[in-house]
Amino acid sequence: GRAAMALRAFASTAAKRLGLRTSGLGSPGSLTGSTRSSTRTFASGGKGETYEGVTIHHASNWHKFLSQGFGGVMWFWIFYRLRHDYETFLFGHAAHFEHEIAHDSEH
């Protein structure tokens, strides 16, 4: 009834002020969805693929370049740690404790 209409009107107004798509909310006086919708254009300039009302924007070139750089740093770090701590990766921390026990028994 009246509470549902007031809630729908509030949600529609809030969504419009935030710049969100309002196609599924409907207008305050009708029970059907509104045909008018507004979309935001993010840093991509509005280019994107829309599927079931969700728009996935294409990444810009600097995003792609930055992701390649961070990915390279990540794999460098993984291989660096693997090279220096391969025994821990393979055998766990037991190899370190066994080495310490053997070293203590020599003294």
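None of these values were measured; they are calculated from a predicted model.

**Student:** I would appreciate a short explanation of the packing of aromatic side chains in the present structure.
**Tutor:** Note on aromatic pairs: each is described by the distance of the centres and the angle between the planes. Within the structure shown, the criterion is met by three aromatic pairs. Each ring, one from Trp77 and one from Tyr80, has its centre 5.9 Å from the other, and the planes form 25 degrees; the classification is stacked. In this pair, Trp77 and Tyr80 both sit in helix α2 (residues 61–84), three residues apart, roughly one turn of the helix.

**Student:** Help me out: how do you make sense of helix α1 (residues 2–18) in this one?
**Tutor:** What sets the pattern is the α-helix's 3.6 residues per turn: residues three or four places apart point alike. Over its 17 residues, α1 extends 24 Å from the first C-alpha to the last, a length consistent with the 24 Å expected when each residue adds 1.5 Å. Directly beyond the C-terminal end of α1, a positive phi value near 80 degrees is found at Gly19.

**Student:** Quick question: what am I supposed to make of unusual backbone geometry here?
**Tutor:** The phi torsion of most residues other than glycine is negative, and most of the peptide bonds are trans. At Glu52, a position not held by glycine, the phi torsion is positive, near 50 degrees. Within the secondary structure, Glu52 sits in the loop between β1 (48–51) and β2 (54–57).

**Student:** Before we go on, may I ask you to explain the pattern of salt bridges in this structure?
**Tutor:** In a structure, side chains of opposite charge can pair up when their charged atoms sit close to one another. One pass over the structure, following the stated rule, counts one salt bridge. For Asp85, the salt bridge is made with Arg81, and the minimal N-O distance between the two is 2.3 Å. Here Asp85 falls in the partly exposed class, since its relative accessible area comes to 24%.

**Student:** Could you clarify how one ought to interpret the pairing of β1 in this entry?
**Tutor:** Strand residues, when the strand is regular, have side chains that alternate between the two faces of the sheet. Strand direction decides the pairing type here: β1 and β2, joined by four bridges, are antiparallel. Considered in β2, the bridge of Gly48 is made with His57. Counting the residues that bridge the hairpin from β1 to β2 gives two residues, and of these Glu52 lies at a positive phi of roughly 50 degrees.

**Student:** Help me understand a nonpolar patch on the surface in this model?
**Tutor:** On the surface, a nonpolar cluster with roughly 1,000 Å² of combined accessible area is contributed by Met74, Trp75, Ile78, Phe79, Leu82, Tyr86, Phe89, Leu90 and Phe91. Of all the elements, α2 adds the most residues to the nonpolar patch, at five residues. Tracing the backbone through its elements, the reader meets Phe91 in helix α3 (residues 86–91).

Thresholds applied
- Residues numbered from 1 in each chain as written.
- Predicted model: local features only at pLDDT ≥ 70, side-chain atom pairs only at ≥ 80, totals over all residues.
- Heavy atoms only, no water.
- Phe/Tyr/Trp six-rings, centres within 6.5 Å; stacked < 30°, edge-to-face > 60°.
- Helix = DSSP H or I, 4+ residues; strand = E, 2+ residues; numbered from the N terminus.
- Expected span 1.5 Å × (residues − 1).
- Salt bridge = Lys/Arg side-chain N within 4 Å of Asp/Glu carboxyl O.
- Buried < 20%, exposed > 50% of the residue type's maximum accessible area, 1.4 Å probe, protein only.
- Pairing = 2+ DSSP bridges.
- Patch = residues over 30% accessible without salt bridge, like charges linked within 9 Å, V, L, I, M, F, W, Y side chains within 5 Å.
- Areas by Shrake-Rupley, 256 points an atom, 1.4 Å probe, with all protein chains shown as cover.

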